Amino acid sequence: MKRFFTLLLITIVAASCQTVRVTQDYDVNADFNKYQTYAYYKQGIDEADVSELDKKRILRAIDANMQAKGFTKSQNPDFMINIFTDAKERVDVYNNWGWNVGWGWGWGGFWGGPWSNSVNRVTEGVLYIDFIDTNKKELIWQGIGTAPLKTTPQDKIERTNEMVKEILEQFPPEPAR
């Protein structure tokens, strides 16, 4: 039993350290084994609401991950890759239990209490990676990653690589059993 609780604690800690949250959706009728080559959907990439520098980071990361998976970039691809981006503010409110002591204004000087609240605001980036069957012109797979944004160029490269890697780890999807 002790071993179970230790394993559970390790799992919870590991899950809480994950900075990129990913999800996927896909066409359950698609035969993902037939897809070997890809290209980018230029019109969609051009319209992505992200800086040119970030766009290059994303496309380089996608290329590196797709090539590592054995896919080849082609002029006559089996599927097209498109990206979308979004940003949103995440607000976390923590209800802390414990005594707080400090100087107050207004009704008195010294106060304390068994509770306090703290608020944390984080701007998160959302990256959508879409795979579109070239022949059918249909979306076959979508991966979505959400993570706090970074500000320095080196941190942006690392975060982009991390997001793309985490998203594309889900492709191709495991066949239903």
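Structure's up top.
Enquirer: A description of the overall build of the chain should follow, citing residues and the corresponding values.
Expert: Along the backbone of the chain there are four helices and six strands. Its helices and strands taken in sequence order, the chain reads α-β-β-α-α-β-β-β-β-α from the N to the C terminus. Counting only contacts in the chain whose residues sit at least 6 apart along the sequence, the fraction spanning at least 24 positions is 71%.

Enquirer: Report on the layout of surface pockets, specifying residues and quantitative values.
Expert: By volume, the largest pocket amounts to about 330 Å³. As for the largest pocket, its lining consists of 16 residues, and the residues nearest its centre are Val50, Asp54, Ile58, Gly125 and Leu149. No other element matches helix α4 (residues 153-168), which puts four residues into the lining of the largest pocket. Of the residues in the lining of the largest pocket, the class split is seven nonpolar, three polar and six charged. Within this model, the second largest pocket holds a volume of roughly 250 Å³. Around the second largest pocket sit 14 residues that line it, and Ala30, Phe32, Pro173, Glu174 and Pro175 are the ones nearest its centre.

Rules used in this analysis
- Residues numbered from 1 in each chain as written.
- Predicted model: local features only at pLDDT ≥ 70, side-chain atom pairs only at ≥ 80, totals over all residues.
- Heavy atoms only, no water.
- Helix = DSSP H or I, 4+ residues; strand = E, 2+ residues; numbered from the N terminus.
- Contact = heavy atoms within 4.5 Å.
- 1 Å grid on protein atoms, 1.4 Å probe; cavity = no way out; pocket = protein on both sides within 12 Å on 5 of 7 lines; lining within 4 Å.
- Points joined across faces, edges and corners; volume = space filled by probe spheres on them.
- Nonpolar A, V, L, I, M, F, W, Y, C, P; charged D, E, K, R; others polar.

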